[in-house]
Amino acid sequence: MSVSTAAATQTVCAPLPVLGRDVTVPLVTGGEVGYAALDYAASAPALQRVWDDVAAYAPYYGSVHRGAGYLSQLSTDLFENARRTVAEFLDCRADDQLVFTRSTTDSLNLLAAALPADCQVFVFETEHHASLLPWKDARVTYLDAPRTPRQAVATLESALAGRAPHGPALVCVTGASNVTGELWPVRELAAAAHAHGARIVLDAAQLAPHHPVSVRDLDVDWVAFSGHKLYAPFGSGVLAGRADWLRAAEPYLAGGGASRKVTRRQDGGVDVEWHEGAARHEAGSPNVIGAYSIASACKALTEAGFDTLVAREQYLVEKVRTGLADVPEVRILSLFGDDAPRVGVISFVVDGWNSSHFAAALSAEYGIGVRDGLFCAHPLVRTLLGSDPQSQGECGAPEAAPGEKSLNAIRVSFGAGTPDEHVDRFVTAVRELVTEGATWTYRTEDGRCVPAV
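None of these values were measured; they are calculated from a predicted model. (Residues numbered from 1 in each chain as written. Predicted model: local features only at pLDDT ≥ 70, side-chain atom pairs only at ≥ 80, totals over all residues. Heavy atoms only, no water.)

Engineer: What's the story with the overall build of the protein in this structure? I'm lost.
Structural biologist: Scanning the protein from N- to C-terminus turns up 14 helices and 19 strands. Each of the three principal axes of the protein carries a C-alpha extent, and together these read 80 × 55 × 50 Å. Among the 453 residues that make up the protein, the fraction classed as buried is 55%. Partitioning the intrachain contacts of the protein with sequence separation of at least 6 by distance along the chain shows that 72% fall at a separation of at least 24. Each charge sign in the protein was given a centre, from 37 positive and 53 negative side chains, and these centres are 6 Å apart. (Helix = DSSP H or I, 4+ residues; strand = E, 2+ residues; numbered from the N terminus. Buried < 20%, exposed > 50% of the residue type's maximum accessible area, 1.4 Å probe, protein only. Contact = heavy atoms within 4.5 Å. Lys, Arg positive; Asp, Glu negative; His and termini not counted. Charge placed at Lys NZ, Arg CZ, Asp CG, Glu CD.)

Engineer: Looking at this model, I keep getting lost on helix α3 (residues 70-89). Mind explaining?
Structural biologist: The α-helix advances 3.6 residues per turn, and as a result positions three or four apart in sequence lie on the same side. The terminal C-alpha atoms of α3 lie 28 Å apart, and with 20 residues this matches the ideal 28 Å at 1.5 Å per residue to within 8%. S72, S75, T76, L78, F79, E80, A82, R83, T85, V86 and F89 are the residues of α3 that are buried. Considering only its buried residues, α3 is in contact with α2 (48-57), β4 (97-101), β9 (222-226), β10 (237-241), α10 (288-304) and α11 (306-325). Count one or two residues on from α3 and you reach D91, which has phi positive near 55°. (Expected span 1.5 Å × (residues − 1).)

Engineer: Honestly, the pairing of strand β11 (residues 259-264) in this entry has me stumped. Any pointers?
Structural biologist: Successive side chains on a regular strand alternate, one facing one side of the sheet and the next facing the other. Where β11 lies against strand β12 (residues 270-274), five bridges are found, and the strand directions are antiparallel. Of the residues in β12, the one forming a bridge with S259 is W274. As consecutive antiparallel partners, β11 and β12 are separated by five residues, and within that stretch G268 has a phi angle of approximately 100°, a positive value. (Pairing = 2+ DSSP bridges.)

Engineer: Looking at this structure, I do not really get the sheet that holds β4. What am I missing?
Structural biologist: Backbone-to-backbone hydrogen bonds pair the strands of a sheet. The strands run either parallel or antiparallel. A sheet is described by the order of its strands in space; here seven strands give the open sequence β4-β10-β9-β8-β7-β5-β6, paired in mixed fashion. Edge positions in the sheet fall to β4 and β6 (139-143), since each has one partner strand and no second. Neighbouring strand axes in the sheet, compared pairwise and without regard to direction, differ in orientation by 20° on average. Here strand β8 (residues 199-203) pairs with β9 via three bridges, running parallel. Bridge assignment links D203 to a residue of β9, and that residue is A224. (Axes fitted to C-alpha atoms, helices over the stretch in contact; angles between N-to-C directions.)

Engineer: Sorry, what's going on with the nonpolar core here?
Structural biologist: Side chains of nonpolar character tend, in soluble globular proteins, to be buried together. V86 and L90 are the most contacted members of the largest nonpolar core, which totals 86 residues. Apart from the residues lying within four places of it in its own chain, the contact partners of V86 are L98, F100, F225, V238, I294, A295 and C298. Core analysis: the next-biggest nonpolar cluster, separate from the first, contains 34 residues, L38, L362, V423 and F426 among them. (Core = buried A, V, L, I, M, F, W, Y, C linked by side-chain atoms within 4.5 Å.)

Engineer: What exactly am I supposed to notice about a nonpolar patch on the surface here?
Structural biologist: A cluster of nonpolar side chains, Y60, Y70 and L71, forms an exposed patch at the surface whose accessible area comes to about 340 Å². Looking at where Y60 falls in the secondary structure, it is placed in the loop between α2 and α3. Given a relative accessible area of 41%, Y60 falls into the partly exposed group. (Patch = residues over 30% accessible without salt bridge, like charges linked within 9 Å, V, L, I, M, F, W, Y side chains within 5 Å. Areas by Shrake-Rupley, 256 points an atom, 1.4 Å probe, with all protein chains shown as cover. Salt bridge = Lys/Arg side-chain N within 4 Å of Asp/Glu carboxyl O.)

Engineer: Can you help me understand unusual backbone geometry in this one?
Structural biologist: Excluding glycine, residues mostly carry a negative phi; peptide bonds, for their part, are mostly trans. Even without glycine at this site, H65 takes up a positive phi of about 65°. By secondary structure assignment, the location of H65 is in the loop between α2 and α3. Look at D91: it is not a glycine, yet its phi comes out positive at around 55°. Among the secondary structure elements, D91 is positioned in the loop between α3 and β4. For D91, a relative accessible area of 31% puts it in the partly exposed group.

Okay, structure coming up:
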């Protein structure tokens, strides 16, 4: 999409209302300013629609799957209807299973616990730690960072061709990078996995809030995402996909809800018959408000229309990238190049600045919230930064170990609730900090860069 086309869309597409849009924060230079939340990739603000739906339900809150009373029955229906709503949002297959979890991290750890014996896992080093680290009990092959989507597919095909011809295998891949925002060739990677007898799980934490995700169309075996990145609070996530590995695995947690029948044996022990459906991996009292909030967000995004949301977001992406390109000291991080399609996630470094210092100044002097560091994707950020140390500045990198080079970056991220003014203020702030410097002094406190008082 060209900037002019997106700009035309912008005239008829306003940001979706989100919580916190009227919050003001103090500046170290005096006064207050409306907070510019530009850290959506970490946790997006809740949609006002989601909050209103949850507030309307809250007086009717009751136990799920455990009570005969009216509120318990209502809450149970709400919980199961939420499961159906999210499955429709993901365009799941008829026989897929959808499990509510705590987060993307929890979802992928659940899948890791359900892997068949002797399963081999293939994962790119570019993954978020949530999808890079859970496979400790499997045989893991870590793949080097590709520099083009085509190279990503070729790298995976080569690795899969060299594996043992029999036995289960799983590929784990992100849909959109939490560092660069770049979209990955998920459909092509899924085809490569299936051609070599492997399955594939999609980490859609950064994709689902920005683009429609169809399990059928992408032909992935599982998809995982988090509610808190999808404009839904309360710490819930989703794992959806094929049921057989989940059905065959021991329950992720042992306890009430996962068990169908428990009996004492004559030898003093107990025998347990576990559920075979989603309940098998949802032991304990479920987070009905979290599940309902995800379903509400799915409805809100669907009703708003992803075509409209994507068009407006691309307008903002181009606005940020164009603004940063006008500052020679700024280097945007990328795997696939400037023309690669991406969501509203952009990471960069600034010559002459430590990224922690720069992010602190954006917050303290402009009321702009961004992220600095390695973004829970340490191998990828280190690959993108190379071995060039940053200037130490007044503050060091919070994630740099003693004696280690100061390697960290700044990430700005936005989405359906971001107004133009926040993006414009960010671009202006970057330009002013680079050309004029910070107006305040900063120091390191508890590993963070903070204004000196």
